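# Coordinates in review
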Amino acid sequence: MSNLHEKFEAYLASVDSRYTTQKRAIVEEILTRKGMFEVDAFIHDIRKGSKTFSRATVYRVIKQLIEASLLQKITTRDGKVYYEHHKPQQQHHHLICNTCGNIFEIKDASIEKNLEIFCNKQSFHPSYRSLHIYGECKNCYQK
């Protein structure tokens, strides 16, 4: 299965749910997002257009996308929640600044390799992985 729609449809079928027109439209809107997004801003943006979805429906679809491992949830120390596409074939970890809330992606293949080695030593087979490191970014730390 090559795209998010196909993967999500397969997941929904596996849990006896349907891929409705509304769900498909919400997923399509999520696919237009570059990087992370907050749900409230997402709902506001789609309502500015001609689409109207209930808040509950958007949250339900996002929950299902997370359960299908197609969306990743990122929570900052102050409780802000962001979401972004989860691509299992790519490493995807974050540094999160506790002061300003900036989120930086970690792109380092050695981390991926070390996590794989560690899991193998423990005879552990991960089904989902999320690495978030909290602290202060350079700008906030220097203040």
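Below is a short write-up of the structure.

About the cut-offs
Residues numbered from 1 in each chain as written. Predicted model: local features only at pLDDT ≥ 70, side-chain atom pairs only at ≥ 80, totals over all residues. Heavy atoms only, no water. Pairing = 2+ DSSP bridges. Helix = DSSP H or I, 4+ residues; strand = E, 2+ residues; numbered from the N terminus. Axes fitted to C-alpha atoms, helices over the stretch in contact; angles between N-to-C directions. Salt bridge = Lys/Arg side-chain N within 4 Å of Asp/Glu carboxyl O. Buried < 20%, exposed > 50% of the residue type's maximum accessible area, 1.4 Å probe, protein only.

### Quick word on the sheet that holds strand β4 (residues 103-106)
What the three strands build is an open sheet, ordered β4-β3-β5; its pairing is mixed. Pairing within the sheet leaves two strands with one partner each, and these edge strands are β4 and β5 (131-135). Across the sheet, the axes of successive neighbouring strands diverge by a mean angle of 25°, strand direction being ignored. Pairing between strand β3 (residues 93-97) and β5: five bridges, direction parallel. For Leu95, the partnering residue across the bridge sits in β5 and is Ile133.

### Side note on the pattern of salt bridges
As a working rule, side chains carrying opposite charge can pair if their charged atoms are close by. Throughout the structure, instances matching the rule amount to six salt bridges. Across the pair Glu116 and Lys113 runs a salt bridge whose closest N-O atoms are separated by 3.8 Å. A residue pair is termed a helical-turn pair when its members lie 3 or 4 positions apart in one helix, as Glu116 and Lys113 do in helix α5 (residues 109-121) at three residues. With a relative accessible area of 43%, Glu116 lands in the partly exposed category. Residue Lys113 is classed as partly exposed on the basis of its relative accessible area, which comes to 46%. One network of salt bridges, in which partners are shared, links Arg33, Asp45 and Lys48.

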